[in-house]
Amino acid sequence: MEAYAAIIERQGGEFVLDNVSIEDPRDGEVLVKVAAAGICHTDLTVRDQYYPTPLPAVLGHEGSGVVEKVGRGVTTVKPGDKVVLSFSYCGTCPSCLKGHQAYCPSLFPLNFMGRRLDGSTPITRNGEDVNACFFGQSSFATYSIANENNCVKVADDAQIELLGPLGCGIQTGAGTILNALQPAPGSSIAIFGVGSVGLSAVMAAKASGCLRIIAVDRNPARLAVARELGATDVIDASTTNAQEAIVALTGGGADYAMDTTAIPQVLRSAVDSTHNMGETAVVGGAKLGTEFLLDMNNMLFGRKLRGVVEGSSTPQVFIPQLIAMQKAGLFPFEKLCSFYDLDQINQAVEDTEKTGSAIKAILRM
């Protein structure tokens, strides 16, 4: 199968558009004709080699499209089905069997090593291997080889070009609220960093009935979007001490906090902005080996800190729930999205990480 793909060839480089060849699906695999794919912060951290995915590589892990062909043993999807592609997991370990697929011990090799577990790759260019299998999909291409377990079937009438970001960033933000923290109605939460993950958390917090939703960022435009989507208070961290402001707004500290920034000092502020017995979730992906400091005595008074991967979600369950919430008007994530053609990928990246004019860029194939 011939395809067109965006390839990262060197650390920190731009995406290069080129023709590639893609294998037929093997046992348990699915060939998907990609309709669109969201750009996620994790794609850019891998571009910068914060995680050791080997280059050159086809990235992309928020794909959506239509099943073209299935390998032997695939039973949950068939050719013609519309699917959202999410992260890959083994499906057989204790974590997966208990419904905690995001904490599968094989998550890193399956999603970041650029190869199948047997060392092969489904993508070549001019006869040379190109690293792929990124999050079990590598969807910055017109076709993708995915695993059956990271394909989420959606309705035939689904607006498929919009849905890819549900596979990672939007799922992560919403799931951290709805699946991990599970704030009680009437509670307060502070969300540090309101890109696509943080804004998804804002919408989920509103849907959960949080009485006070505090958005913290340095981008006034994104803070304005946060207020539109349900934030009751916004704090510009470039001009205000966020921790002090949150403690004052909540009369002693928030019930919950969430850090999406992967900046150690911001995580410290998030934890310190909660009251005794408060709980903080860290979801930002920092460079491997990054460490942070906390005051042990501050933690002693019942505070909790937890890490959350992919919103603690089971994609086959949670993604349809998010789609249903969007249809009901409770989760309008379409307001975050801007569309680009695949050959505009470098412009989309610039708009996302430099100017901030795009919150969730989606590439149409």
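Our subject is the structure that appears above.
Model, not experiment: these values are computed from the prediction. (Residues numbered from 1 in each chain as written. Predicted model: local features only at pLDDT ≥ 70, side-chain atom pairs only at ≥ 80, totals over all residues. Heavy atoms only, no water.)

## Thoughts on the nonpolar core
Note that soluble globular proteins tend to have their nonpolar side chains buried in a common cluster.
Then step 1. In terms of nonpolar packing, the biggest core is built from 49 residues, with L163, I189 and F333 touching the most fellow members.
Then step 2. When residues in this core are grouped by element, the largest group, seven residues, is from helix α6 (residues 196-208).
Then step 3. If sequence neighbours within four positions are ignored, F333 has contacts with L162, L163, L166, I170, M203 and Q326.
Then step 4. Of all hydrophobic cores here, the second largest spans 42 residues; its members include F15, Y51, L107 and I145. (Core = buried A, V, L, I, M, F, W, Y, C linked by side-chain atoms within 4.5 Å. Buried < 20%, exposed > 50% of the residue type's maximum accessible area, 1.4 Å probe, protein only. Helix = DSSP H or I, 4+ residues; strand = E, 2+ residues; numbered from the N terminus. Contact = heavy atoms within 4.5 Å.)

## Looking at the packing of aromatic side chains
For any pair of aromatic rings, the description consists of the separation of the ring centres together with the inter-plane angle of the planes.
Then step 1. For the structure on display, the rule yields nine aromatic pairs.
Then step 2. Aromatic pair F87 and Y89: ring centres 5.8 Å apart, planes at 55°, arrangement tilted. Accessibility classification places F87 together with Y89 in one group, the buried group.
Then step 3. With centroids separated by 5.9 Å and ring planes inclined at 45°, the aromatic side chains of F331 and F333 adopt a geometry described as tilted.
Then step 4. Assessed through its relative accessible area of 0%, F331 is described here as buried.
Then step 5. Exposure remark for F333: the relative accessible area of 0% places this residue in the buried category.
Then step 6. Taken together, the aromatic side chains of Y51, F108, F112, F134 and F135 make up a single cluster linked through ring pairs. (Phe/Tyr/Trp six-rings, centres within 6.5 Å; stacked < 30°, edge-to-face > 60°.)

## Things to note about the environment of T314
Then step 1. For T314, the position within the fold is in the loop between β16 (304-307) and α11 (315-327).
Then step 2. For T314 and S86, which are 228 residues apart along the polypeptide, the C-alpha to C-alpha distance reads 9.7 Å.
Then step 3. For T314, the residues in contact, after removing those within four places along its chain, are G99 and Q101.

## Here we look at the side chain of D217
Then step 1. Here D217 is to be found in strand β12 (residues 212-217).
Then step 2. A polar contact is formed between the side chain of D217 and the backbone nitrogen of N219, at a distance of 3.0 Å.
Then step 3. Among residues more than four places away in sequence, those in contact with D217 are G193, V194, G195, L223, I235, D236 and A237. (Polar contact = N/O pair within 3.5 Å; in protein donor to acceptor, adjacent residues only side chain to side chain.)

## Some points on the sheet that holds strand β8 (residues 128-130)
Then step 1. Across the sheet, which stays open at both edges, the five strands sit in the order β4-β1-β2-β7-β8 with antiparallel pairing between neighbours. Strand pairing shows two members of the sheet lacking a second neighbour, β4 (57-58) and β8, which therefore form its edges.
Then step 2. For strand β1 (residues 2-8) and strand β2 (residues 15-22), the ladder comprises seven bridges, and the chain directions are antiparallel. Looking at β2, one finds that E2 is bridged to S21. (Pairing = 2+ DSSP bridges.)

## Describing unusual backbone geometry
Then step 1. The omega torsion of the bond from L55 to P56 falls at 0°, within 30 degrees of zero and hence cis.
Then step 2. Tracing the backbone through its elements, the reader meets P56 in the loop between α1 (41-47) and β4.
Then step 3. For C133, which is not a glycine, the phi torsion comes out positive at approximately 55°.
Then step 4. Structurally, C133 can be placed in the loop between β8 and β9 (143-147).
Then step 5. According to the relative accessible area criterion, C133 is buried, its value standing at 11%.
Then step 6. The phi dihedral of A262 falls on the positive side, at around 65°, and the residue is not glycine.
Then step 7. Inspection of the secondary structure assignment puts A262 in the loop between β14 (254-259) and α9 (264-272).

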